[in-house]
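Below, each chain spelled out in residue letters.
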Amino acid sequence: MSELFSSPYFGVALSVAAFGIGVKLQQKLKTPVCNPLIIAIVLIAGVLLIFKIPYEAYNAGGEVINMFLAPATSCLAVAIYTKIKILKRYWLPILVGCTAGSAASMLSVYGLCRLFGLDESLTISLLPKSVTTPIAVSISEPAGGVVPITVVAVIGTGILGSIIAPLLIRIFKVTDPVAAGLAIGASSHAVGTSKAVELGEVEGAMSGLAIGVCGIITVLLSMAVL
Amino acid sequence: MKIIKQIGIIFAVCWLSQVIEQVLPFAFPASVIGMALLLACLVTGLLRIEYIQEKADFLLENMAFFFIPAGVSIINYFDVLESSVIQLVIICVVSTIITFAVTAWSVKLTLRLMNRGGNRAEEAGQKSCMAGKEESRE
């Protein structure tokens, strides 16, 4: 039976189908809770568990998809480049905000992990959870983190951020769109940015920039710590 | 051919960044090197945005898809999750709120200092901005 599934085409086809369903569901329901990535992960995990397909069989296709991770991350450069004018104009608040935000994120995660007595590998897995998935993974993996936990924590944080961002803006009285956008991007990366874009053009651009800048700063900070 | 060329450029940048990662005396993620490399090429004009636009848009728009396998491997870690799922959720919620607040406040503070330093801070960049900061402190 398992020969049927051990071809890499199976894993790729299943991933595309599951992601397609996820995207459709999100378009229909229009809520950030229906994140296509989360839906796809749940669907595929369900298929593998129900039909008792070994993870290794799926991952033959998974590795093909993984190959595109580094190119996709590199292309964040294109996203930054298209906003280079705003970056030049607001470089100081962007730099200060992203540095403070990245440090606050890592410190709070570290403190809470210690408080709950979580072990080192879990702590490392969670440490980069506020930055975009490719960068978070490239920080957590070599340092001994558990990659899937990093991925789930990052996406969970993103979804959470996109839901509570409007509420946080009111609670902390963030009237300035530059501050609001950077705060959303720094705390909840690309998923949060999708919400920031809805709030306004400045918010969206700032949030998008914060993804890249916070990513780089978090890498630098983690190099100093790990 | 256009798309193939774009794939070629982006993959070449990725390969180059992996070579750099090997050569660097300290650990630094290759994907972030690739990002810096690509940005440098674009800013210096070595690479025109049109050369990679379509492929980059394709990768950026479908970014989430490429993380499916990494996420699915969570099924190998159910035991880890089971024992500490509540802690993980609390950590995510609390640190997300803290990160949001700290970022928003530090940006607000910086913008206020910049405005006090006058518009020249914005135009002349770092030096006058630092001066503006000093003035407003006094």
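Keep in mind that what you see is a predicted model, and the values were worked out from it rather than measured. (Residues numbered from 1 in each chain as written. Chains lettered and ligands numbered in written order. Predicted model: local features only at pLDDT ≥ 70, side-chain atom pairs only at ≥ 80, totals over all residues.)

1. Description of the overall build of chain B
Now for step 1: Along its length, chain B carries 7 helices and 0 strands.
Now for step 2: Each helix and strand of chain B, placed in order from N terminus to C terminus, yields the pattern α-α-α-α-α-α-α.
Now for step 3: Looking at the 138 residues of chain B, the share that counts as buried comes to 37%.
Now for step 4: Pairs at least 24 apart in sequence give 27% of the contacts found in chain B among residues at least 6 apart. (Helix = DSSP H or I, 4+ residues; strand = E, 2+ residues; numbered from the N terminus. Buried ≥ 20, exposed ≤ 12 C-beta atoms within 10 Å, placed from the backbone. Contact = placed C-beta atoms within 7 Å.)

2. A few points about the environment of Phe11 of chain B
Now for step 1: Position of Phe11 of chain B among the secondary structure elements: in helix α1 (residues 2–23).
Now for step 2: C-alpha of Phe11 of chain B to C-alpha of Ala64 of chain B: the two residues are 53 residues apart in sequence and 19 Å apart in space.

3. Looking at the domain arrangement of chain A
Residues and elements named next belong to chain A.
Now for step 1: As assigned here, chain A comprises domain 1 (2–67) and domain 2 (76–225).
Now for step 2: Centre-to-centre separation of domain 1 and domain 2, based on C-alpha positions: 26 Å.
Now for step 3: On the domain 2 side, the residues contacting the 5 residues of domain 1 number 6 residues. (Domains from an automatic or database assignment.)

4. Some points on unusual backbone geometry
Residue and element names in this part refer to chain A.
Now for step 1: One non-glycine residue with positive phi stands out, namely Lys52, at about 50 degrees.
Now for step 2: For Lys52, a count of 8 C-beta atoms within 10 Å puts it in the exposed group.
Now for step 3: Of note, the phi angle at Lys173 is positive, near 50 degrees, even though the residue is not glycine.
Now for step 4: You can see Lys173 is positioned in the loop between α10 (147–171) and α11 (177–199).

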